[in-house]
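Fold and geometry: a report
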Amino acid sequence: MKLKRIVLGVTGGVAAYKAAELARLLVKDGIDVQVVMSAAARHFVGAATFQALTGHPVFSDLWDDRVDNGMAHIDLTRGADAILVAPASADFLAKLAQGRADDLLSTLCLARDCPLLVAPAMNRQMWEAPATQRNVAQLSSDGVTVLGPDSGEQACGEVGFGRMLEPEALLDALDARFQPKRFSGLKVVITAGPTFETIDAVRGITNPSSGKMGYAVARAALEAGAEVTLISGRTCLPPPRDARFMPVMSAQDMLVAVEAVIDTADIFISVAAVADYYVLNPSEQKIKKDAHILTLELAPNPDILASISSRPKPPFCVGFAAESENIEEYAELKRRRKHLPLIVANDVKEAVGSDDVRLVLLDEAGRHVLEKADKQTQARLLVAHIAELYNTRNQ
Ligand code: C5P
């Protein structure tokens, strides 16, 4: 579902000034924004600001007679795809949790038939108060999406949790929430990050893969409604909250983890940078330095992706190929050798560890270029492409 129309609720808090920037970004994104302010919000920012930014009059009063049939509490959310309350004050969260409806915004929230998202913003002690935590837990279990809060310096000078997420982050969260559910009902297994092959108690062979692309693909698959298992080598990234997370070290560990879950998977996306070799006889103790040449005996690792794609009934397999030269040619050779319906080619110099990347998708129909963009955007486009191929194959 594409987000086309939103009611932006603004309640009383210093962060209300950031809601103006959020309204601007939403409008810039092509979304029709109707602002509804609480009475307290008007102490922090003027309605004229929102009116100018959104091109719509701002409403606050339950008894406003500017709405034709006198039913502002119903009419304003009619046709809206979502209500986002940002900032959501402690008092407003309490009101929502109790289902109270004593002003226009709380009444709209109660009388809605669209998703409700809230971005809490308050002093850290107000946020940590048992009553607020109770209210937030209640709202989550009622199906309300709680975005943030962030931690950091607060307007009151204290430091802690309670800052509203920045407008850009809220826009990203909305974007994620309203991605089309292309993977609905599908189980997706994703490998990510580097592998680590032990040499001795403190050393190993690894590579500079950051895991960013694989984690972005996992998030995009979750947004698209999939049940996701993320099998990851060591990275510095937090695992996506709703994924089943299986941390691994070596290629052999990764293979074991993949084999444990792949039987029921519909789609396998192999993003991991798997080491091609492992050390035959790793030392349990730290190898002592001496003047002699040290020889490591290396043996080839299993090819995880090839072993899955060559099964009699494989899931839909997608590979990644990071190359330093003849990128598309080498990637296409790998796609054929590993019997993959789709491989994603990228330039190793540009892709490893970076935030932005250019991708070329190679499939039976040819090449599809995804011009340089951030990895999350690319992951969403990749998910859309996989869904198309997957659906065609299963029709
Ligand atoms: O390393 P290579 O370029 O062959 O990687 C191509 C694809 O195969 C990638 O998707 C990678 O995750 C996968 N692969 C694997 N096991 C290996 C080597 C690569 O699953 N041992």
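Details of the structure are given in the entry above.
Quick look at the structure, then.

**Brief notes about the sheet that holds strand β4 (residues 116-120)**
- Strand order in the open sheet formed by 5 strands is β2-β1-β3-β4-β5, and the pairing between neighbours is parallel. At either margin of the open sheet sits one strand with a lone partner, and together these are β2 (32-37) and β5 (145-146).
- Note that strand β1 (residues 5-10) and strand β3 (residues 82-88) share 4 bridges and pair parallel. Looking across to β3, one finds that Ile6 is bridged to Ala82.
- Lying on the sheet, helix α1 (residues 16-28) is in contact with β1, β2 and β3; it crosses β1 at an angle near 170°.

**Things to note about the packing of α1 against helix α2 (residues 47-54)**
- Relative to each other, α1 and α2 sit at 10°, their axes nearing to 9 Å. Between α1 and α2, the angle is such that the two are roughly parallel. Of the residues in α2, those touching α1 at Ala16, Ala19, Ala20, Ala23, Arg24 and Val27 are Thr49, Phe50, Leu53 and Thr54.
- Tallied by class, the residues present in the contact of α1 with α2 amount to 7 nonpolar, 2 polar and 1 charged.

**Side note on the site of the ligand**
- In the vicinity of the ligand, the residues found are Ser270, Ala272, Val274, Pro302, Asp303, Ile304, Leu305, Gly319, Phe320, Lys334 and Lys338.
- Residue Ser270 places a main-chain N or O atom 2.6 Å away from an oxygen atom belonging to the ligand.
- Here an oxygen atom of the ligand sits 2.7 Å away from a polar atom, N or O, in the main chain of Ala272.
- For the ligand, whose free accessible area comes to 450 Å², the fraction covered by protein is 89%.
- Elements with a contribution of two residues or more to the shell around the ligand: α11 (304-309) and β16 (316-323).
- Taken together, the residues of the shell around the ligand sort by class into 6 nonpolar, 2 polar and 3 charged.

**Observations regarding the packing of helix α4 (residues 90-98) against helix α7 (residues 130-141)**
- In the contact formed by α4 and α7, the axes pass within 9 Å of each other and the chain directions differ by 50°. With respect to their mutual orientation, α4 and α7 come out oblique. Regarding α4 and α7, the two cross each other, and that crossing is left-handed. Judged by residue contacts, Ala90, Leu93, Ala94, Leu96 and Ala97 of α4 engage Thr132, Asn135, Val136, Gln138 and Leu139 from α7.

**Overview of the packing of aromatic side chains**
- Per the counting criterion, the structure on display carries 2 aromatic pairs.
- A ring pair is formed by Tyr215 and Phe245, whose centres lie 6.4 Å apart and whose planes are at 65°; its orientation type is edge-to-face. Here Tyr215, found in helix α9 (residues 212-223), pairs with Phe245, found in strand β12 (residues 244-247); they are 30 residues apart in sequence, far enough to count as distant.
- Owing to a relative accessible area of 2%, Tyr215 belongs among the buried residues under this scheme.
- You can call Phe245 partly exposed: its relative accessible area is 32%.
- Summarising the aromatic geometry, the rings of Phe316 and Tyr390 are spaced 6.1 Å apart at their centres and angled 80° between planes, so their arrangement reads as edge-to-face.

**Some remarks on unusual backbone geometry**
- In this structure, the amide linkage connecting Ala86 to the following residue, Pro87, adopts the cis form with an omega of 0°.
- Mapped onto the elements of the fold, Pro87 is located in strand β3.
- At the junction of Gly148 and Pro149, the peptide bond is cis and its omega measures out at 5° in the coordinates.
- Secondary-structure assignment places Pro149 in the loop between β5 and β6 (150-153).

**Concerning α9**
- Compared with an ideal rise of 1.5 Å per residue, which puts 12 residues at 16 Å, α9 spans 16 Å between its outermost C-alpha atoms and is within 8% of the ideal.
- Buried residues dominate α9, accounting for 9 of its 12 residues.
- Two residues or fewer after α9 comes Gly225, characterised by a positive phi angle close to 95°.

**Things to note about the sheet that holds strand β13 (residues 267-270)**
- Spatial ordering of the open sheet is given by β12-β11-β8-β13-β16-β17-β18-β19, a layout of 8 strands whose pairing is mixed. Every interior strand has two partners, whereas the edge strands, β12 and β19 (366-374), have only one. Each strand axis lies, on average, 15° off the axis of its neighbour in the sheet, ignoring direction.
- Inspection of the sheet shows strand β8 (residues 187-192) paired to strand β11 (residues 227-232) by 6 bridges, in the parallel sense. Note on β11: the bridge partner recorded for Thr191 is Ile231.
- This element, helix α12 (residues 327-337), spans β16, β17 (342-347), β18 (356-363) and β19 of the sheet and lies at about 150° to β17.

**What to know about the nonpolar core**
- Residues Phe183, Ile190, Val217, Ile267, Ile269 and Ile386 are the most contacted members of the largest nonpolar core, which totals 36 residues.
- Secondary structure elements with two or more residues in this core: β8, α9, β11, β13, β16, β17, β18 and α14 (375-394).
- Here Ile267 is in contact with Phe183, Leu186, Lys187, Val188, Val189, Pro315, Phe316, Ile386 and Tyr390, once residues within four sequence places are set aside.
- Membership of the second largest hydrophobic core comes to 34 residues, among which are Ala41, Val45, Ala47 and Leu117.

**Here's the deal with α4**
- Counting buried residues in α4 gives 7 out of 9 residues, a clear majority hidden from the surface.
- Looking at α4, one finds that the buried residues are Ala90, Phe92, Leu93, Ala94, Lys95, Leu96 and Ala97.
- Positive backbone phi, at 70°, marks Gly99, one or two positions downstream of α4.

**Focus on a nonpolar patch on the surface**
- A cluster of nonpolar side chains, namely Tyr277, Leu294, Leu296 and Leu298, defines an oily patch on the protein surface of about 380 Å² accessible area.
- Structurally, Tyr277 is set in strand β14 (residues 277-279).
- A relative accessible area of 44% means that Tyr277 is categorised as partly exposed.

Calculation rules
Residues numbered from 1 in each chain as written. Predicted model: local features only at pLDDT ≥ 70, side-chain atom pairs only at ≥ 80, totals over all residues. Heavy atoms only, no water. Pairing = 2+ DSSP bridges. Helix = DSSP H or I, 4+ residues; strand = E, 2+ residues; numbered from the N terminus. Contact = heavy atoms within 4.5 Å. Axes fitted to C-alpha atoms, helices over the stretch in contact; angles between N-to-C directions. Parallel < 35°, antiparallel > 145°, perpendicular 65-115°, else oblique. Nonpolar A, V, L, I, M, F, W, Y, C, P; charged D, E, K, R; others polar. Near = heavy atom within 4 Å. Polar contact = N/O pair within 3.5 Å; in protein donor to acceptor, adjacent residues only side chain to side chain. Areas by Shrake-Rupley, 256 points an atom, 1.4 Å probe, with all protein chains shown as cover. Left-handed = near helix turned anticlockwise from the far one by under 90°. Phe/Tyr/Trp six-rings, centres within 6.5 Å; stacked < 30°, edge-to-face > 60°. Buried < 20%, exposed > 50% of the residue type's maximum accessible area, 1.4 Å probe, protein only. Expected span 1.5 Å × (residues − 1). Core = buried A, V, L, I, M, F, W, Y, C linked by side-chain atoms within 4.5 Å. Patch = residues over 30% accessible without salt bridge, like charges linked within 9 Å, V, L, I, M, F, W, Y side chains within 5 Å. Salt bridge = Lys/Arg side-chain N within 4 Å of Asp/Glu carboxyl O.

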